[in-house]
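Inside the fold
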Amino acid sequence: MITIPYLTAITTYFSYGLLFAFGQLRDFFRRIVDWWSSSNLQGYAPICLGLEDFYIRRLYLRIQDCFGRPIASAPDSWFHVVERFSNDCNKTLTRTDKTKRCLNLGSYNYLGFAAADEYCTPRAIGSLKKFSPSTCSSRVDGGTTALHTELEECVANFVGKPAALVFGMGYVTNSAIIPVLIGKVRKGGLIISDSLNHSSIVNGARGSGASIAVFQHNTPSNLEKVLREHIADGQPRTHRPWKKIIVVVEGIYSMEGELCKLPEIVAICKKYKAYVYLDEAHSIGAVGKTGKGVCELLGVDTADVDIMMGTFTKSFGSCGGYIAGSKELIQYLKYTCPAHLYGTSISPPAAQQIISAIKVILGEDGSSRGAQKLVRIRENSNFFRSELQKMGFEVIGDNDSPVMPIMIYNPAKIPAFSRECLKRNVAIVTVGFPATPLLLARARICISASHTKEDLVKALEVISVVGNLVGIKYFPAEPKKDHQDEGMVKLD
């Protein structure tokens, strides 16, 4: 749990209050002007009411140049960011023909497969020539190729489950699967979700119509308390026993960089006979000795995790997602999941990219590049996190996680930090409300195995300078060690 310094909380609240007050004042005068001007709605209600898009107009648009930056190259360790300008105070942004070469600290390219790869790229190009860019069909019609079957077998073997099912989009994997797994309240289903689970999980749970309970983020003791209370109370109104309970957690929480306390959570779910649904979007391929995710890293038997979900957009340099579980579960999903029945199947070149990436990770390409990538991502992540903390930044998350948020808090510091880093050719991602709680704005750094030591040192130098400039070093920095006398021999 993040503890906000008292003074920082006060100044952050004051900043948001000031923005809100001036925004309301501007809206007041806008309504006066609009009252005198003629309306072209001709009886229609406004699509966007003032309060509904207030945050976008008065807060987001002021700093929208910090978000959605277009790129003009592959998202490798260095990439080209397209320069933009605005003539109307950031209401609209116009792209230019100019690009800026920047160090990439924002993409989910954990193992470096998003750029051209000596093993993966030729095979993806070959599949493009053989199968075309799209199947133009759903899986149950004409959208299943030999690559899709091979991919599902490859994924199941990689994560340690009997069977798997792949989808064309990672977000849809959660939002479409959860409603199928657990029905409406009248069917007696209960979803218990971590309070900081991803939006795709939240929307999937809401769309299911099942009862939903939330437990304190990554706190097994609170999970047990919530489970006990709901099992004791039973279903709403009838108080009958629940027919099915699913506990949903993430392997690595994408906004916190924290590893799930999976061993304790699995033990509690076993005790209360609840199913475990594990989202490994950010952990599969990125952590563990052989890249097999948090189960391997934390020593959890995959047989104890009932439903395993993951995406291919992070460690595998592709797109889509998967669900892995028992053969009976996967067969049931093939008959009932709308994303499988009606959604266009994953692109064949994307499928081949995933297959090739998994083979590299496992060493089946005849080289040790996969093992080297896994060692490098772990060393890069731990080195970068350690150095940021030594500088005095408040960095949350756990070791071995390639996601490391730097706490910013104040809304005015979000654009300042982002813009100053970009001026110095370092591209980072800043995140604020509503993606995070109001007070907990942050910069989210994503480390890649493709980053060299020189890349990381440059990034640290820039972030340190900008951190001093913006004022987000909330802790005292450690004194630098003097290495000048090391390795020198005293001579008489």
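Residues numbered from 1 in each chain as written. Predicted model: local features only at pLDDT ≥ 70, side-chain atom pairs only at ≥ 80, totals over all residues. Heavy atoms only, no water.

Another point: the overall build of the protein. The number of helices and strands found in the protein is 15 helices and 13 strands. For the protein, whose C-alpha radius of gyration is 25 Å, the value lies close to the compact-globule estimate of 23 Å for 492 residues. Oriented by its inertia axes, the alpha-carbon framework of the protein measures out at about 85 × 60 × 50 Å. Within the protein, contacts between residues separated by at least 24 positions form 71% of all contacts whose residues are at least 6 apart in sequence. Total accessible area on the protein stands at roughly 24200 Å², and carbon and sulfur atoms take up 57% of it. If the 56 positive side-chain charges of the protein are averaged to one point and the 46 negative ones to another, these points end up 6 Å apart. (Helix = DSSP H or I, 4+ residues; strand = E, 2+ residues; numbered from the N terminus. Rg over C-alpha atoms; globule rule 2.2 N^0.38 Å. Contact = heavy atoms within 4.5 Å. Areas by Shrake-Rupley, 256 points an atom, 1.4 Å probe, with all protein chains shown as cover. Lys, Arg positive; Asp, Glu negative; His and termini not counted. Charge placed at Lys NZ, Arg CZ, Asp CG, Glu CD.)

Spatially, three strands are ordered 1-2-11 in an open sheet, and the strand pairing comes out mixed. The two strands at the open ends of the sheet, each matched to only one other strand, are strand 1 (78–85) and strand 11 (426–427). As paired elements, strand 1 and strand 2 (residues 94–104) share seven bridges and run antiparallel to each other. Residue valine 81 lies in a different strand from strand 2, and its bridge partner there is lysine 100. (Pairing = 2+ DSSP bridges.)

Here the amide bond leading from phenylalanine 433 into proline 434 is cis, since omega sits at 5 degrees, within 30 degrees of zero. With respect to the helices, strands and loops of the structure, proline 434 is situated in the loop between strand 12 (429–431) and strand 13 (441–446). For cysteine 136, which is not glycine, the phi dihedral falls at a positive 55 degrees. Within the secondary structure, cysteine 136 is located in the loop between helix 3 (120–131) and helix 4 (146–159). Located in the positive-phi region is lysine 273, a residue other than glycine, with phi close to 60 degrees. For lysine 273, the location among the structural elements is in the loop between helix 8 (262–271) and strand 7 (275–279).

So, on to the sheet that holds strand 9 (residues 321–325). Neighbouring strands of a sheet are bound in pairs by backbone hydrogen bonds; such pairs are parallel or else antiparallel. Reading across the sheet, the seven strands line up as 3-9-8-7-6-4-5 and stay open at both edges, with mixed pairing between neighbours. Of all the strands in the sheet, the pair left with one neighbour each is strand 3 (163–167) and strand 5 (211–215). The average undirected angle you get between the axes of adjacent strands in this sheet is 20 degrees. The strands touched by helix 7 (residues 220–233) within the sheet are strand 4 (189–194), strand 5 and strand 6 (244–250), with strand 5 carrying the most contacts at an inclination of about 150 degrees. (Axes fitted to C-alpha atoms, helices over the stretch in contact; angles between N-to-C directions.)

It is worth spelling out helix 15 (residues 453–470) at this point. An ideal rise of 1.5 Å per residue puts 26 Å on 18 residues; helix 15 measures up with 25 Å between its terminal C-alpha atoms. Looking only at helix 15, the buried set comprises Asp455, Leu456, Ala459, Leu460, Val462, Ile463, Ser464, Val466, Gly467 and Val470. Directly beyond the C-terminal end of helix 15, a positive phi value near 85 degrees is found at glycine 471. (Expected span 1.5 Å × (residues − 1). Buried < 20%, exposed > 50% of the residue type's maximum accessible area, 1.4 Å probe, protein only.)

Time to look at the nonpolar core. Most often, soluble globular proteins keep nonpolar side chains buried together rather than apart. If you look at the biggest cluster of nonpolar residues, it comprises 92 residues, and the most contacted ones within it are Ile192, Leu262 and Phe384. If you tally residues by element for this core, the top one is helix 12 (residues 348–362), at eight residues. Counting residues in each nonpolar core, the second largest holds 24 residues, with Ile191, Ala205, Val248 and Met309 among its members. (Core = buried A, V, L, I, M, F, W, Y, C linked by side-chain atoms within 4.5 Å.)

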